[in-house]
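The primary structure of each chain is shown beneath.
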Amino acid sequence: MEVATLEQPLAMAVRSGDPALYVAQKTGKVVAVRDGIVDPVPVLDLRDLVSLGGEQGLLGVAFSPDGRDVYVNYTDTSGDTHVTGYAMQDGRADTATRREILFVDQPYSNHNGGNLVFGPDGYLYIGLGDGGSGGDPQGNGQSLSTVLGKMLRIDPTPFGDRPYRIPTDNPFVGRADARPEIWAYGLRNPWRYSFDRQTGDLWIGDVGQSAWEEVDVQPSGSPGGENYGWNRMEGDHSYGGGDPPANAVPPVYEYSHDGGGCVVTGGYVYRGASIPDLYGAYVFADFCAGALEAIREKDGQVIDHRILGPVVSSLSSFGEDAQGELYAMSLGGGLYRLAPG
């Protein structure tokens, strides 16, 4: 069911105690949607700051667990990544409070990741692609000395003259050869990831190179440090003749491009009440195919896979509201709520 029409929506977030849906538009605005009406006054307007290449723009938005701050991830006019935070004031981001949390020099224009999610532990998870081009020419995915090709985990609270804190239980804290922000590595371009609100499991849709798309799962309670294999693995397959890393974690689900897919769009485990038959299933899609799909997993193995029926062209992202109901977004502008039918 279509809820609203927007301008190239890419991410959705909800704020504690607030029924609005907050949507990040690729072109640079964060807007609030209330009862299907798009507030004409943006929550935040970054149009003068963002680049608009194919995989660039305003890519992610998240609110702090208490709803007092909003965080965004965007590529600037030089194509580099910024994660910035703002205090919320009267329903808008107060631009006078802007804080630069993270800056990443991007070597190429693609594979910027861009998602932002607060985990059940209260920390901010930042997904970054491998830096772009094709095949990860710099070997970033397997290098612990760079944040590219990683899932980062930080506390975005300032600490002295530093813009954020490093959780002491991050897996590479204290290692001279590794960035302490890293939570997991071996990712090519984590295009949408989410936590199961019931179990705390982390689900990651990681975009493949030219043959295989994958969905990874990190179980709740994991100490972090997982290596998802890129660029020596694409899905569960050797890439470029490389040997699989000894510690590679295989995807829970993969699919070939042979069926018309091109880019996985990660979604959410459904925990809403409107579609009981879907409860506990992970909902995702492919950008090119557009058909919503659902899988169920047990002990690292898929035990059920279904095509749900609805098709959303140019399906760019998913969102989850405070009640656990799910939404799909199209680069064409549509924001849709999953409904029984």
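Our subject is the structure that appears above.
The present account deals with the structure reproduced in this document. (Residues numbered from 1 in each chain as written. Predicted model: local features only at pLDDT ≥ 70, side-chain atom pairs only at ≥ 80, totals over all residues. Heavy atoms only, no water.)

1. Considerations on the state of the cysteines
For step 1, the next point in the chain: The final tally for this structure, using the stated rule, is one disulfide.
For step 2, the next point in the chain: A sulfur-sulfur separation of 1.9 Å characterises the disulfide bridge that pairs Cys-262 with Cys-288. An S-S torsion of about 95° defines the bridge between Cys-262 and Cys-288 as right-handed. One end of the pair, Cys-262, is in the loop between β20 (253-256) and β21 (264-269); the other, Cys-288, is in the loop between β22 (282-286) and β23 (291-298), and 26 residues separate them in sequence.
For step 3, the next point in the chain: On the basis of relative accessibility, which here comes to 46%, the residue Cys-288 falls in the partly exposed class. (Disulfide = S-S within 2.5 Å. Helix = DSSP H or I, 4+ residues; strand = E, 2+ residues; numbered from the N terminus. Buried < 20%, exposed > 50% of the residue type's maximum accessible area, 1.4 Å probe, protein only.)

2. A word on the sheet that holds strand β11 (residues 116-118)
For step 1, the next point in the chain: Across the sheet, which stays open at both edges, the four strands sit in the order β11-β12-β13-β14 with antiparallel pairing between neighbours. Of all the strands in the sheet, just β11 and β14 (182-185) have a single pairing partner and so form its edges. Shown here is a sheet whose adjacent strand axes are inclined to one another by a mean of 20°, direction ignored.
For step 2, the next point in the chain: Of the strand pairs in this sheet, β11 and strand β12 (residues 124-128) are connected by three bridges, and their pairing is antiparallel. If you follow Val-117 over to β12, its bridge partner there is Tyr-125. (Pairing = 2+ DSSP bridges. Axes fitted to C-alpha atoms, helices over the stretch in contact; angles between N-to-C directions.)

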